[in-house]
Amino acid sequence: MNVHRLLLLLLFSLGYGVSYTQTITGIVKEKGSGLPLPFANVFINNTTLGAATDMDGKFVIQGNLPEQLELVASFVGYRTVSKVINRKGQSEFRQDFELELIEDNLNEVELKAKRDRNWERNYATFKYVFLAVPEDPYGQEIEILNPWVIDFERVRSNDELNYIRASAQQPLKIVNRALGYEIEYFLQDFRMRWGASRYYGLAFYKEMATVDSTFRSKWREGRLINYRSSVRHMALSFLLKNPEIQDFNFYQARATIPKEDRTNDYYYELGKSIFPVNVGTIYTKPLGNGSYRIYLPERIEVHHLAQPWTNDYYANIYKAISWIATPNGYFDVDRYGAPVNPTQVVLSGYVGRQRMARSLPLDFVPDVGLTEFVEDLKVFHHRYVTLNNQREKPWLTTNKAFYHPGETMWIGGLMLYQNPVMQDTLSRVVYVNVLNEEYKSVHQARFPIQNGKISGGITLPDSLRKGNYLLRAYTRWSLNYGKRDVFELPFPILNTNEILAINEPDQEKLFGDFDVVSSHTVSDSSFYRVMDLELKVLDDFENPIDSEFILSVVEGSQSQEVHEKDQLESHLNWLEDDLANTFDSEMPNPIEYGISVEGKYFPNKKRGTLATVITLVKGDLEDYGRVNSDSAGRFWASGFQFRDTAQIAIAALDPKMRSLGKVELIPFQHPIFLGTFPKRSYQVEIRPDSAHSMMDIAEDYYLLDEFVKEAQELKPQSSGENNYGYGTPTQEVGPDRLERQTMGEILGYLGFNLNTFKFRNYNFLETVGMPLLIIDGVQLAFLDTSDFRNTLLDFEPSQLESIKVYSDNVSKTIFGMAGYAGVIMIETKKGFRTGPDSDRKFNSEGFQIVDVAGFSSFPEFPKDPPSDQFLSQKPTIYWEPNAQTVEGVYKTKIKVPYGVKLLRIRVEGRTMEGDSFSKMLKIEI
């Protein structure tokens, strides 16, 4: 129960409400002729999900479909057909039908309201068996509108008792005014005899329409009451392990006690003929197809605690009582508790009263009327909801549409999130691979993800041959979900004398589209021209709207065409692609918050424990952290921030700083390409002689001063007033609070829990060590729990100047591995303010030193070339992967080589509300 509560809190932190939408399409035809049947009904048995065919016999059904369903097709005068379908995780599938004409019986249906006396008598019994028991008040509000379609016959059998069989050539039209449903019921088998009856059929429910709030309230209350006592509700209590919350008590009824030995005293029988059942001991298991198997011991007696009821079974119990028996020892249900095979379970008592008057469609789920139950139901389904909420997928675009061997491919992109709220707890590393048509990797790189954006570059090998290539991108976490969460972008590599033929795209603006309008001025300098470019992003009413986008400007002979499938708008369809209800994975790839180190620890002693503390240090204490290895010795550390290669010292140490064993790193295995190699159609032209030497060669460019300055500014400074160069903290407190509150109160205000040593809403699903403690600029490394707590609580708040914290992903980005669990920075009133660069040096004795690859270095695009040199003509004139408007306007300066007369501009991105847009522009200069 506690686990369910924890998951529930987790679920609410994510936000519940992800809907799983699947689609069934198909066509209904007449058998023999093959002609389509318009206006035929197709529905999922016992649900409200259905549709009528159009004039071509086609139908579409959408909704949250069970993994196994019974699809039904019917048409007046034709034999109804049903098919059991296992979706096997498919979100879209097709099912066609052929219906057979019932020629012999078309004229035998007697359309009259009255039959002979025997028919009337059988029909009265039929209603009690089918609609409602005699004393049920719900029986007064349910009616069969076409009873004349029912026929009865007496069946004599040598194998069993004689019985009355009912049949109907047409569906029964039922209206249930108590629960607000119109029902079409296709009766398939109905048998009634003295003391026992059974029936089976196919039902399609439709919500009754009304504007009267009284009726809506009545229907809602009635549905809730009947759901409480349904077998679905009871089955879910077994799965959720919470019968008390759902108002049930379960008992095992001993079948071996003769009825004459029983009494009607509940308290006397308790412990003799009935025994309380601990639901936690009821074995349930998923079957892997979206359904579950529930194993029940003998016969189960159910007491409905929320349903007052007079009964003759016990003289001192005034609650409804039901019994459940399973001839096979188990019964299967779907994830909403509905029995998959009704013949597996035998119901009697109060639950046996549920005739059609009290029946609900299988897709009915109670709302807030059963608050705690609904919450636990959400928790039960949390795996699909939670994992879907955590899905992410990169989308990338490049500076141009084709490349030559040896050129630099500049990359920009965005991360797509199924739940944007989860962004701060998801990946900070994206892997980018280039594959050839033989599925071999010709280049691998990894780049940081910053604020959901991606920027990088790849220098293509000059040995590449002409052909089709594939740019793939994924995070380590997204690999858990399969190929649909991996990004793929096909592109060609051409010979150096070739270019892509340019197809002028038709960009007619439609209502509702966003528009990008450009204006520019050009001035000349001694060595190149300077274009002041202004771009306005406008909504459909021509109002400016803020957005973020990727801007690429190429020389006029270069193609900027992007295939529709590769545009951001097409990839946003992924947001509608929910996980299958049957998705199951051990999620072997963890979330990366930076450069990660994975390995295994081997103790020196043969019987030494494999679970221990692993210390990792980058360089000379530039970054460090501690993680725990598991019971198999495996450890995982994530959060380092560096480019190229760095030396990491790793060790498991005893209290005297002596090595306890050795470690071996586990390299990351890039995924193998599966599936058909995607290609895009294109046409090639021989490029003009004047453009033969035009290539994007990164080495010809100069690094910008602004990038060097930016890198220098990241270095911590020795001043507490500017937070030692670490940037703005997540939260802070000053003298006003420090003078009047205790340290515990202050830390609580800052979101830190001294019991768990964690910040609230942080490190989702992660096991982390102590936060980094910085005192007057000095980082206190390797503090264990006791030292951390004592050091922190030894301070008297009134003697402090400030306490600042870095939590969320701010700490991971700025402090790397050391800030994995957050940072607490304390400034004392008498601090010596040494700054982080103290004389303290790292002693690597007892550590293993290993080389670890960091983020890939790449040549930054030169936006500001030297002012005293002529610019040579290049295919890519300007590249900005992180453009952003201010009040709908973006301004920039572009240095253009002399001789360039035409520029092609591509703008692709999204508004701050998440709507995508794309625009191709031409500018003559």
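Residues numbered from 1 in each chain as written. Predicted model: local features only at pLDDT ≥ 70, side-chain atom pairs only at ≥ 80, totals over all residues. Heavy atoms only, no water.

Draft legend 1. Up close: the overall build of the chain. Scanning the chain from N- to C-terminus turns up 13 helices and 52 strands. Burial status across the chain gives 50% buried among its 925 residues. Counting only contacts in the chain whose residues sit at least 6 apart along the sequence, the fraction spanning at least 24 positions is 71%. Of the roughly 44900 Å² of accessible surface on the chain, 48% is carried by carbon and sulfur atoms. (Helix = DSSP H or I, 4+ residues; strand = E, 2+ residues; numbered from the N terminus. Buried < 20%, exposed > 50% of the residue type's maximum accessible area, 1.4 Å probe, protein only. Contact = heavy atoms within 4.5 Å. Areas by Shrake-Rupley, 256 points an atom, 1.4 Å probe, with all protein chains shown as cover.)

Draft legend 2. Spotlight on the pattern of salt bridges. One pass over the full model with this rule turns up 33 salt bridges. Bridged by salt links that share partners, the residues Arg476, Glu592, Glu598 and Arg634 form one connected network. (Salt bridge = Lys/Arg side-chain N within 4 Å of Asp/Glu carboxyl O.)

Draft legend 3. Representation of the sheet that holds strand β50 (residues 889-896). Here we have three strands laid out as an open sheet, ordered β31-β32-β50, and antiparallel in their pairing. Both edges of this open sheet fall to β31 (515-524) and β50, since each of them pairs with a single strand only. Averaged over all neighbouring strand pairs, the angle between strand axes comes to 20°, with direction disregarded. Bridge count between strand β32 (residues 529-538) and β50: eight bridges; the pairing is antiparallel. Within β50, the residue paired with leucine 533 across the bridge is threonine 892. (Pairing = 2+ DSSP bridges. Axes fitted to C-alpha atoms, helices over the stretch in contact; angles between N-to-C directions.)

Draft legend 4. Representation of the pairing of β31 in the model. With ten bridges joining them, β31 and β32 adopt antiparallel strand pairing. The residue bridging histidine 520 from the neighbouring strand is leucine 533, located in β32. Following β31, the chain reverses through four residues before pairing antiparallel with β32.

Draft legend 5. Just a positive patch on the surface, in detail. Residues Arg117, Arg121, Arg154 and Arg156 make up a contiguous surface patch of positive charge. With respect to the secondary-structure elements, arginine 154 resides in strand β10 (residues 150-155). (Patch = residues over 30% accessible without salt bridge, like charges linked within 9 Å, V, L, I, M, F, W, Y side chains within 5 Å. Lys, Arg positive; Asp, Glu negative; His and termini not counted. Charge placed at Lys NZ, Arg CZ, Asp CG, Glu CD.)

Draft legend 6. Molecular detail of the side chain of arginine 910. Assignment of secondary structure puts arginine 910 in strand β51 (residues 902-911). Look at arginine 910 and you get buried, because its relative accessible area is 17%. Beyond its immediate stretch of four places on either side in the chain, arginine 910 contacts Leu414, Met415, Leu416, Ser547, Glu548, Leu568, Asp915, Ser916 and Phe917.

Draft legend 7. Quick peek at the environment of lysine 829. Mapped onto the fold, lysine 829 is located in the loop between β47 (823-828) and β48 (848-853). Within polar-contact distance, the side chain of lysine 829 engages the side chain of glutamate 739 at 3.1 Å. (Polar contact = N/O pair within 3.5 Å; in protein donor to acceptor, adjacent residues only side chain to side chain.)

Draft legend 8. Region of the structure containing a negative patch on the surface. On the surface, a cluster of negative charge is made up of Asp546, Glu887, Glu913 and Asp915. Along the chain, the position of glutamate 887 falls in the loop between β49 (876-884) and β50.

Draft legend 9. Local environment of the side chain of threonine 885. With respect to the helices, strands and loops of the structure, threonine 885 is situated in the loop between β49 and β50. Among the residues examined, threonine 885 registers a relative accessible area of 4% and is labelled buried. A distance of 3.1 Å separates a polar atom in the side chain of threonine 885 from a polar atom in the side chain of aspartate 546. Engagement of the side chain of threonine 885 in a polar contact is seen with the backbone nitrogen of serine 547, the distance being 2.9 Å. Once residues within four sequence positions are removed from consideration, threonine 885 is found in contact with Val537, Ile545, Asp546, Ser547, Phe549 and Tyr890.

Draft legend 10. Summary view of the nonpolar core. The biggest cluster of nonpolar side chains holds 70 residues, and the ones touching the most others in it are Ile458, Leu471, Leu616 and Ile650. With seven residues, the top contributor of residues to this core is strand β24 (residues 408-417). For isoleucine 458, the residues in contact, after removing those within four places along its chain, are Glu407, Thr408, Met409, Ile411, Val432, Val434, His443, Ala445, Phe447 and Leu471. Ile164, Leu187, Val302 and Ile324 belong to the second largest nonpolar core, which has 54 residues in total. (Core = buried A, V, L, I, M, F, W, Y, C linked by side-chain atoms within 4.5 Å.)

Draft legend 11. Expanded view of the environment of tryptophan 410. Here tryptophan 410 is to be found in strand β24. You can call tryptophan 410 buried: its relative accessible area is 1%. Each C-alpha atom, one on tryptophan 410 and one on serine 552, is 9.8 Å from the other, the two residues being 142 residues apart in sequence. Within the structure, the side chain of tryptophan 410 is placed 2.8 Å from the backbone oxygen of proline 859, a separation counted as a polar contact.

Draft legend 12. Focus on the pairing of strand β1 (residues 22-30). Counting buried positions along β1 yields seven of nine residues, so the element is predominantly enclosed. For β1 and strand β4 (residues 58-63), the ladder comprises six bridges, and the chain directions are antiparallel. Each residue of the ladder has a partner; that of isoleucine 27, found in β4, is lysine 58. As paired strands, β1 and strand β7 (residues 92-94) are joined by three bridges and run parallel to one another. For threonine 25, the partnering residue across the bridge sits in β7 and is arginine 94. The sheet contact formed by β1 and strand β8 (residues 97-99) spans three bridges and is parallel. Bridge pairing links valine 28 to phenylalanine 97 in β8.

Draft legend 13. How the structure looks around the sheet that holds strand β41 (residues 731-733). Taking strand neighbours across the sheet as the criterion, the five strands line up as β41-β46-β47-β44-β45 in an open arrangement whose pairing is mixed. Across the chains shown, the open sheet's two edge strands, defined by having one partner strand only, are β41 and β45 (778-780). Averaged over neighbouring strand pairs, the angle between their axes works out to 20° when direction is ignored. Inspection of the sheet shows strand β44 (residues 772-775) paired to β47 by four bridges, in the parallel sense. Bridge pairing in β47 places leucine 773 opposite isoleucine 824.

Draft legend 14. Highlighting unusual backbone geometry. Phi at phenylalanine 39 is positive, roughly 65°, even though this residue is not glycine. A residue is classified by how much of its surface remains accessible, and phenylalanine 39, at 57% relative accessible area, is exposed. For aspartate 776, which is not glycine, the phi torsion reads 50° and is therefore positive. If you trace the backbone, aspartate 776 turns up in the loop between β44 and β45.

Draft legend 15. Seen up close, helix α4 (residues 231-240). Counting buried positions along α4 gives ten out of ten residues, so the element sits mostly inside the fold. Within α4 the residues assigned to the buried category are Val231, Arg232, His233, Met234, Ala235, Leu236, Ser237, Phe238, Leu239 and Leu240. With its phi angle positive at about 60°, lysine 241 sits one or two positions after the end of α4.

Draft legend 16. Spotlight on the packing of aromatic side chains. Counted by the stated rule, this structure contains 37 aromatic pairs. Pairing phenylalanine 130 with tyrosine 185 gives two aromatic rings, centres 4.9 Å apart and planes at 75°, and the pair type is edge-to-face. Taken as a pair, phenylalanine 130 in helix α2 (residues 117-130) and tyrosine 185 in strand β13 (residues 181-193) lie far apart in primary sequence, 55 residues in all. The same class applies to phenylalanine 130 and to tyrosine 185, which are both buried. Taken together, the ring pairs connect Trp119, Tyr123, Phe126, Phe130, Phe152, Tyr185 and Phe190 into an aromatic cluster. The ring of tyrosine 181 carries arginine 223 above its face, with NZ or CZ at 4.2 Å from the centroid. (Phe/Tyr/Trp six-rings, centres within 6.5 Å; stacked < 30°, edge-to-face > 60°. Lys NZ or Arg CZ within 6 Å of the ring centre and 35° of its normal.)

Draft legend 17. Spatial organisation of the environment of serine 455. Mapped onto the fold, serine 455 is located in strand β27 (residues 453-459). A relative accessible area of 22% means that serine 455 is categorised as partly exposed. Along the chain, serine 455 and glutamate 880 lie 425 residues apart, while their C-alpha atoms are 9.2 Å from each other. Look past the residues within four positions of serine 455 in its chain and what remains in contact with it is Ile411, Phe447, Phe858, Pro881 and Asn882.

Draft legend 18. Spatial organisation of the confidence of the model for the chain. In this model, the chain carries an average pLDDT of 82, and 84% of its residues clear a pLDDT of 70 or more. Below a pLDDT of 50 lies the segment residues 105-114, which in the model reaches ten contacts outside its immediate sequence neighbourhood of four places, other chains included. Below a pLDDT of 50 lies the segment residues 699-718, which in the model reaches 28 contacts outside its immediate sequence neighbourhood of four places, other chains included. (pLDDT = per-residue confidence, 0-100.)

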